[in-house]
Every structure is written in structure tokens, then in C-alpha cells.
Amino acid sequence: MPFSKKEFFRFILVGGVNTLHYYAIYMACLHILGFHYFLSHMIGFLLSLIGSFFLSTLYTYKVKPTWSRFLRFPLTQVFNTLATSALLYIFVELFHLSSSFAPIAAVIFTIPMTFILTGR
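Residues numbered from 1 in each chain as written. Predicted model: local features only at pLDDT ≥ 70, side-chain atom pairs only at ≥ 80, totals over all residues. Heavy atoms only, no water.

(A) Region of interest: the environment of Val107. Along the polypeptide, Val107 turns up in helix H5 (residues 102–118). You can call Val107 buried: its relative accessible area is 16%. Excluding anything up to four places from it in sequence, Val107 contacts Thr19 and Pro112. (Helix = DSSP H or I, 4+ residues; strand = E, 2+ residues; numbered from the N terminus. Buried < 20%, exposed > 50% of the residue type's maximum accessible area, 1.4 Å probe, protein only. Contact = heavy atoms within 4.5 Å.)

As C-alpha cells, this is what we get:
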């Protein structure tokens, strides 16, 4: 069943908030704590995944968060994690894009793909 316009708007809003949350953590780990860009990416991703779960269940889909849903949620994010990680590596190592900007470039490619895969 396709998304309603309201669900689509909520999906985009939650994605934007989650992306900003991830990026703030990523930049703090990269520039303040001095971690390698890939470790910064993984920490940011894992912490923002928790926030994304609660925003998605409570706001986007308006369902009760449960332990069962929480444990299944990362499975829906496998594609996003792999694609973002691969693009981050490609942009930094192969295209020599700044590790501060590379996550933003990766998101530009993964958001449309994630939306299509998330459809009910």
C-alpha cells in the first residue's frame, strides 16, 4: 500500500531530523574527539538509529514502540547502513572528498533508495 501524503511528509521530516542528529554526532566524534571518519560514522549511525526508531514508530507510523519492533528495526536499515558506508568510503578514499562533507553527499544518494525500500 502506498504512503499517504501525511506519511510521506512525516517520513521526510523524520529523515531530516535523523540526518541532522547523525551529522552532529559524526562531526563531534570526527573533530572534537579526533576519531577516524569511519569510526565517527559508525558511532553516529548507531546512536541516530535509536532516535530514528522512536521517531519512526511514534511519529511517522504512529505505532507503539516495543522491544520486538526495536530489535527488528535495524534489519530494515541494513541497506541504508551498507550503502551509506560504501559511499562514504568511495567519496573519501577514491574521490578525495572531505570527510566532513562526504556523509552529506552519501545521504543525497541513499534517501530516495531508502524511501523506496521502506514502502509498505
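Following the structure, the description resumes.
(B) Quick look at helix H4 (residues 78–94). Taking 1.5 Å of rise per residue, 17 residues should cover 24 Å, and H4 covers 23 Å from first to last C-alpha, within 8% of that figure. Taken as a whole, H4 has its buried residues at Asn80, Thr81, Ala83, Thr84, Ser85, Leu87, Leu88, Phe91 and Val92. At the C-terminal side of H4, His96 shows a positive phi close to 55°. (Expected span 1.5 Å × (residues − 1).)

(C) The nonpolar core, seen in detail. Core analysis: the biggest nonpolar cluster contains 11 residues, these being Tyr22, Tyr26, Leu30, Tyr37, Leu87, Leu88, Phe91, Val92, Ala102, Ala105 and Ala106. Elements represented by at least two residues in this core include exactly helix H1 (5–32), H4 and H5. It is H4 that contributes the most residues to this core, 4 residues altogether. Apart from residues lying up to four places away in sequence, Phe91 is in contact with His96, Leu97, Ala102, Ala105, Ala106 and Phe109. (Core = buried A, V, L, I, M, F, W, Y, C linked by side-chain atoms within 4.5 Å.)

(D) Molecular detail of the packing of aromatic side chains. Evaluated as defined, the whole model comprises 8 aromatic pairs. Seen in terms of ring centroids, Trp67 and Phe70 are 5.8 Å apart; in terms of plane orientation they differ by 90°. Their pairing is edge-to-face. With a gap of 3 residues between them, Trp67 and Phe70 both fall in helix H3 (residues 67–76), about one helical turn apart. The class of Phe70 is partly exposed, set by a relative accessible area of 25%. (Phe/Tyr/Trp six-rings, centres within 6.5 Å; stacked < 30°, edge-to-face > 60°.)

(E) The packing of H1 against helix H2 (residues 37–60), seen in detail. As a packed pair, H1 and H2 sit with axes 8 Å apart at the nearest point and diverge in direction by 150°. Of the possible angle classes, the one that applies to H1 and H2 is roughly antiparallel. Considering only the axes of H1 and H2, their crossing is right-handed. Considering only residue class, the contact of H1 with H2 consists of 17 nonpolar, 9 polar and 2 charged. (Axes fitted to C-alpha atoms, helices over the stretch in contact; angles between N-to-C directions. Parallel < 35°, antiparallel > 145°, perpendicular 65-115°, else oblique. Left-handed = near helix turned anticlockwise from the far one by under 90°. Nonpolar A, V, L, I, M, F, W, Y, C, P; charged D, E, K, R; others polar.)

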